[in-house]
Amino acid sequence: MSSERYDYLDGNAAAGELSKIFTMDVTAAEGQCAHCGATGRFAEAHLYMQSPGLVARCAACEQVLLRLVNIAQRVFLDLRGMTYLRLELAAESPAENSRGSNT
Amino acid sequence: MWRLGTVVALRDETATARTIMLEIPDWPGHAAGQHVDVRLTASDGYSAVRSYSIASAPSVERRIEISVERLPDGEVSPYLTRELAVGDRLELRGPIGGWFVWRPRQTEPIQLIAGGSGIVPLMAMIRSRAAAGSTAPFRLLYSVREPGSVWYRDELRSLPERNHSVSVTYAYTRATPKDWPRPAGRIDTALIASATWPSNLAPTCYVCGPTSFVESAAGLLSGTGNNPAKIKTERFGPTGDRQ
């Protein structure tokens, strides 16, 4: 398993950088991996920050979901690793755990 | 968007960790588990950003607390834990993150597992629970190196006395208190079985700590029958300087 390498963080840790671009919290959004089709919250992706930017990889297949690079006053954002991102518009509480409280 | 916060109080948690209370006039409020980014800028314009979990419960006051561990080779944490003084100002971005969050409307059993400074966002959840008058049953399993490494020691000690539905279990990895029943060691299956909610109660689990700790604890939780979808993790590593 690739998780033998302990050099990644959770997608949560990208929230600050992503907040520069998106008005909504992307980390609580559900996304689908374009490579293996797995779905999950962006917060559950594996995040690598050692590179000159951020790279988020699918927790299931480790293929790239998102790349974000800052160069001077420009941000390059590559989202082709995701077929969709589902953002909850119930703006009051994007954090609400929909699987949550009754189970 | 960067906000300006003023340091209003400082408190040492251990020999290497300090809690910083900040007043932020335009703070919009937060949820337990969220973090802030802190930006320090040197006189030559060089700046460094680090993420710190918020330790305090959401409140109507425009104040938050963060707790910072001093990393020997850190760029930011030595300044925050040694140089920073009451009255100083810090640039902050946040609150950030909507996933690793506990909200008072959650009524299911909650299992918290902290490794070292990973206690911070979980402490915010415990405090938020108390502030909201929630009766959700909470359990905390807190792994520390030795007795002197426990953060929020007095507050955690007094918790079970004040509230019977919050329990705290310590796991010591290097040195235990005298006559401690369990030898020093990492969290293992036996400890998970005895100190955490049975998986048939379907607890929501929050695990925070260094990457390898989170990996191991989350693995033990799912190995004892917990639904991986109900295990929320927050890892921090040397790259993120995350506390």
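The model shown is predicted, which means the values in this text are computed figures rather than measured ones.

Moving on to the overall build of chain B. The number of helices and strands found in chain B is 5 helices and 11 strands. A compact globule built from 243 residues should have a C-alpha radius of gyration of about 18 Å, and chain B, at 18 Å, falls within 12% of that. With respect to the principal axes defined by its C-alpha atoms, chain B has extents near 55 × 40 × 30 Å. For chain B, the proportion of its 243 residues judged to be buried stands at 43%. Taking all contacts inside chain B whose residues are at least 6 apart in sequence as the whole, residues at least 24 apart take part in 72%.

As a further point, take the overall build of chain A. For chain A, the helix and strand inventory stands at 1 helix and 8 strands. For chain A, the succession of helices and strands along the chain, N to C, is β-α-β-β-β-β-β-β-β. Of all 103 residues assigned to chain A, the portion counted as buried reaches 39%. Contacts in chain A between residues far apart in sequence, at least 24 positions, make up 47% of those at least 6 positions apart.

With that settled, the discussion passes to the nonpolar core. In this structure, Leu47 of chain A together with Leu112, Leu122, Tyr206, Val207 and Ala217 of chain B are the most contacted members of the largest nonpolar core, which totals 81 residues. For this core, the element with the highest residue contribution is helix H2 (residues 119-132) of chain B, accounting for 7 residues. When residues are assigned to domains, this core turns out to be shared by domain 1 (3-96) and domain 2 (110-236) of chain B, each giving three or more. Every residue in contact with leucine 112 of chain B, bar those within four places of it in the chain, is listed here: Leu122, Met125, Phe138, Arg139, Leu140 and Tyr206 of chain B.

Moving on, we come to the confidence of the model for chain A. Per-residue confidence for chain A gives a mean pLDDT of 83; residues scoring 70 or more make up 81%. Residue range residues 92-103 of chain A is modelled with pLDDT below 50. Its contacts to residues more than four positions away, or to other chains, number 26 contacts.

Attention now goes to the sheet that holds strand S7 (residues 74-78) of chain A. In any sheet, the strands associate via hydrogen bonds between backbone groups, in a parallel or an antiparallel arrangement. The antiparallel open sheet is built from 5 strands, whose spatial order is S1-S4-S5-S6-S7 (chain A). Looking along the sheet, the strands with just one partner apiece sit at the ends: strand S1 (9-10) and S7 of chain A.

Residue and element names in this part refer to chain B. Taken as a whole, chain B is organised into domain 1 (3-96) and domain 2 (110-236). Here the C-alpha centre of domain 2 lies 24 Å away from the C-alpha centre of domain 1. Counting residues per element, the ones that place at least two in the side of domain 1 that touches domain 2 are strand S1 (3-14) and strand S5 (63-69). When the residues that make up the side of domain 1 that touches domain 2 are grouped by side-chain class, the tally is 6 nonpolar, 6 polar and 2 charged.

What follows deals with the sheet that holds strand S9 (residues 166-172) of chain B. Residues and elements named next belong to chain B. Overall, parallel pairing links the 5 strands, which are arranged S9-S8-S7-S10-S11 in an open sheet. Only two strands of the sheet have a single partner each, and these edge strands are S9 and strand S11 (231-236). Averaged over neighbouring strand pairs, the angle between their axes works out to 10° when direction is ignored. Bridge analysis of strand S7 (residues 110-115) against strand S8 (residues 138-144) gives 6 bridges, and the strand direction is parallel. Bridging from a neighbouring strand, glutamine 111 pairs with arginine 139 of S8. Across the face of the sheet, H2 comes into contact with S7, S8, S9, strand S10 (204-210) and S11 while running at roughly 155° to S8.

A few words now on helix H5 (residues 211-223) of chain B. Under the 1.5 Å per step criterion, the end-to-end length of H5 of chain B is 18 Å for 13 residues, consistent within 8% with the ideal 18 Å. Those residues of H5 of chain B lying buried are Thr211, Phe213, Val214, Ala217, Ala218, Leu220 and Leu221 of chain B. The secondary structure elements touched by the buried residues of H5 of chain B are S1 of chain A together with S7, S8, helix H4 (189-195), S10 and S11 of chain B. A positive backbone phi angle near 100° is found at glycine 225 of chain B, which sits one or two residues after H5 of chain B.

All right, on to unusual backbone geometry then. For the peptide bond that leads from glycine 94 of chain B to proline 95 of chain B, omega is 5°, which places it in the cis range. With respect to the helices and strands, the residue proline 95 of chain B is situated in strand S6 (residues 89-96). At alanine 72 of chain A, a residue that is not glycine, the phi angle is positive and equals roughly 50°. Residue position: alanine 72 of chain A is located in the loop between strand S6 (64-71) and S7. Exposure remark for alanine 72 of chain A: the 5 C-beta atoms within 10 Å place this residue in the exposed category.

Residue and element names in this part refer to chain B. With 6 of 7 residues buried, S5 lies mostly within the body of the structure. Note that strand S2 (residues 17-23) and S5 share 7 bridges and pair antiparallel. Bridge pairing in S5 places alanine 17 opposite glutamate 69.

Cut-offs used in this document
- Residues numbered from 1 in each chain as written.
- Chains lettered and ligands numbered in written order.
- Predicted model: local features only at pLDDT ≥ 70, side-chain atom pairs only at ≥ 80, totals over all residues.
- Helix = DSSP H or I, 4+ residues; strand = E, 2+ residues; numbered from the N terminus.
- Rg over C-alpha atoms; globule rule 2.2 N^0.38 Å.
- Buried ≥ 20, exposed ≤ 12 C-beta atoms within 10 Å, placed from the backbone.
- Contact = placed C-beta atoms within 7 Å.
- Core = buried A, V, L, I, M, F, W, Y, C linked by C-beta atoms within 7 Å.
- Domains from an automatic or database assignment.
- pLDDT = per-residue confidence, 0-100.
- Pairing = 2+ DSSP bridges.
- Nonpolar A, V, L, I, M, F, W, Y, C, P; charged D, E, K, R; others polar.
- Axes fitted to C-alpha atoms, helices over the stretch in contact; angles between N-to-C directions.
- Expected span 1.5 Å × (residues − 1).

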